[in-house]
Amino acid sequence: MTYAITQTCCNDATCVAVCPVNCIHPTPEERAFGSTEMLHIDPRACIDCGACADACPVDAIFPVDSLSAGQREYADINAAYYEGAEPLAAEVDGPNFHAWGEPVFERSLPSDFGPLRVAVVGTGPAGMYAAQDLLLHTAAEVTLIDRLPVAGGLVRYGVAPDHPATKKVGDTFSRFHSHPRVRMHLGIEVGRDVTAEELSAHHDAVVYAVGASTDRRLGVPGEDKPGCLSATAFVAWYNAHPEAVAQGVDLSAERVVVVGNGNVALDVARILVADPEALAATDIAAHALDALRASRVREVVVLGRRGPEDAAYTRSELLALKHAPGVELVVDDHDPRTAAAIDAAGAGDRAGVLKGLARVRTDAASPTVGERRIVLRFHSEVGEIRGDGVRSVRVTDGGGEGGGTADLAAGLLLRAIGYRGIPVPGLPFDEASGTVPHEGGRVAGVPGSYVVGWIKRGPSGGIGANRTCAAETVGTLLADAVAGELPAPTGDAKAFRRLARQRNRRVVDARGLAAIDRAERDRGRRDGRPRVKLATVEELVATARSGRLLRLTR
């Protein structure tokens, strides 16, 4: 029986590397890699060895005959990817059952290549993929730096709590936190505690993996009113980000409007109408769980400026939403172009996933009585947020027979129209793209400085896309080192440690991080949850200190 890749695929291609028969595509060497929503297993070639499932960091791969009812569509999705494609020919005169391309060795290090000292700023997936590459393939010493007193970045504070399998990629990264060639300085912010120049002076190279930490704005009247929030802030709130306001989201209205139709928009819509008791088995923030238990929200209207054929969410996320228990997913058919696009869509198209869903006309005044539901409303733009706080959202329809405006009664608006990077003090910045200008990851005009992740390429691609992004940046860094183009540091690791602690007495190291992890898991065990996160900087630092001192006195 063949295996199939399912909804939580992270696209990091670890499975490709271990497949003995080359049946998982697209591979990182193929042009389609990075543009497809997920990887696919060829059922004609799979030999049922299970190596891919063992290697998958996010538990996305299962035997087809073990797929649950909500996952069975993925067997067809995997197979459909190969429809019309010729099966790879076997090597008749060789031992392999599949044809393989010529081996490629993109890096070549001299035999006397010495260890580098590299700082990685940011401990999310991009930074950790870069650190992993350096630690596994060179003798580099890595300094991990994060402005927060805890590691994890997007995995800890961006992944929805009801996606625990996706969070498992964090286990892959956490094994490097205590690596003998790693030094960790959490709670240090470049530009506040140390400068980029000071960081470079103590390391051969610095890799910035600082992500895209702010959001894009709508630019409409009323956007700054209470009750109009960014999805970035809402996600941080329910994930216990220490910079989020613990009690700052009002869920007293029956309807919420979410602007945007990417995966983040679907995430926040799903969390808003999810069963709080199901969320109680996750690592959702305690304050968010309490608020959702008291929530009156019954309907979330997700607005998309364009049609369903151009939606930014992935088919896999939409499929998962269709099977969300206790939640009705419907399509607003106010514009005839929406129904036409869905009816004309093929099985492999995003719009095709919407076939079979009920089509409704949203009552502007109030949600429809019944079970909790999510309404996908396409060809709609926000024109104004009205009332004291948010009382209604004026929606401008995108034309068609139903063109015009509608005032949707709502008590909360979340904008989920994209993330944006912010300048890194000491580095150049492109305001138009929200990224740091670079060449293959090398920061323009700043020798020894590199970028990876969203601050490098913009807010595109999921967790796994950072693996190939990091490989490019690390490859550029090593090529510069071999060519003798890295500036020589003037300080060593001990000097940097002294500098960091002089500037910030609350720095958390690897032992402190381990104490935080133990404390959160202990709190979770008491409540029957995987962990209960510490939600403030003060709690995190105090726990790191107390746990570290306890270990030192034993």
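Worth saying up front: this structure is predicted, and the values here are computed from it rather than measured.

K.L.:
When you look at the state of the cysteines in this model, what are you seeing that I'm missing?
P.N.:
Put plainly, a disulfide is one covalent bond tying together the sulfur atoms of two cysteines. One pass over the full model with this rule turns up zero disulfides. With no disulfide of its own, cysteine 56 lies closest to cysteine 10 among cysteine sulfurs, the gap being 6.1 Å. Exposure remark for cysteine 56: the relative accessible area of 11% places this residue in the buried category.

K.L.:
For this particular structure, what's the right way to read the pairing of strand S18 (residues 405-409)?
P.N.:
Side-chain positions along a regular strand alternate between the two faces of the sheet. Burial of S18 is one-sided: the residues Ala406 and Leu408 facing one way are buried, the residues Thr405, Asp407 and Ala409 facing the other way are not. The sheet contact formed by strand S17 (residues 392-397) and S18 spans five bridges and is antiparallel. Following the sheet pairing, serine 392 is matched in S18 by alanine 409.

K.L.:
Before we go on, may I ask you to explain the environment of valine 249 in this structure?
P.N.:
Residue placement: valine 249 occurs in the loop between helix H9 (231-238) and strand S11 (255-259). Valine 249 gets classed as buried once you look at its relative accessible area, which sits at 14%. Sequence separation between valine 249 and isoleucine 342 is 93 residues, and the spatial gap between their C-alpha atoms is 35 Å. Excluding residues within four positions of it along the chain, valine 249 makes contact with Leu229, Phe234, Trp237 and Leu412.

K.L.:
Where do I start with the pairing of strand S6 (residues 141-146) in this structure?
P.N.:
When you tally the buried positions in S6, you get five out of six residues, the bulk of the element. Pairing between strand S5 (residues 117-121) and S6: five bridges, direction parallel. When the bridges of S6 are listed, valine 121 appears paired with isoleucine 145. The handedness of the S5 to S6 crossover, carried by helix H4 (residues 125-137), is right-handed.

K.L.:
What is the right way to look at the nonpolar core in this model?
P.N.:
When a protein is soluble and globular, its nonpolar side chains tend to lie buried together. Ranked by internal contacts, the top residues of the largest apolar core, which has 119 residues, are Ile24, Tyr238, Val300 and Ile374. In this view, isoleucine 24 contacts Ile5, Cys15, Val16, Cys19, Leu39, His40, Ile41, Cys52 and Tyr82; residues no more than four positions away in its chain are not counted. Val121, Val436, Val443 and Leu499 belong to the second largest nonpolar core, which has 21 residues in total.

K.L.:
In this structure, what is going on with the pattern of salt bridges? I would like to understand it.
P.N.:
One side chain can pair with another of opposite charge once the charged atoms of both are near each other. On inspection of all chains with the given rule, the structure shows 40 salt bridges. Across the pair aspartate 283 and lysine 533 runs a salt bridge, and its minimum N-O distance is 3.8 Å. One end of the pair, aspartate 283, is in the loop between helix H11 (276-279) and helix H12 (286-293); the other, lysine 533, is in the loop between helix H18 (510-527) and helix H19 (537-553), and 250 residues separate them in sequence. For aspartate 283, a relative accessible area of 8% corresponds to the buried category. Arginine 373 is the partner of glutamate 299 in a salt bridge, and the nearest nitrogen-oxygen pair spans 2.7 Å. Within this pair, whereas glutamate 299 is found in strand S12 (residues 299-303), its partner arginine 373 is found in strand S15 (residues 373-377), the two being separated by 74 residues in sequence. The class of glutamate 299 is buried, set by a relative accessible area of 0%. Residue arginine 373 is classed as buried on the basis of its relative accessible area of 7%. Among the charged side chains, a salt-bridge network with shared partners connects Arg156, Asp517, Glu520, Arg521 and Arg531.

About the criteria used
- Residues numbered from 1 in each chain as written.
- Predicted model: local features only at pLDDT ≥ 70, side-chain atom pairs only at ≥ 80, totals over all residues.
- Heavy atoms only, no water.
- Disulfide = S-S within 2.5 Å.
- Buried < 20%, exposed > 50% of the residue type's maximum accessible area, 1.4 Å probe, protein only.
- Helix = DSSP H or I, 4+ residues; strand = E, 2+ residues; numbered from the N terminus.
- Pairing = 2+ DSSP bridges.
- Contact = heavy atoms within 4.5 Å.
- Right-handed = clockwise from strand over helix to strand, strands pointing away.
- Core = buried A, V, L, I, M, F, W, Y, C linked by side-chain atoms within 4.5 Å.
- Salt bridge = Lys/Arg side-chain N within 4 Å of Asp/Glu carboxyl O.

Read these as layout, nothing more, since geometry by itself doesn't imply function.
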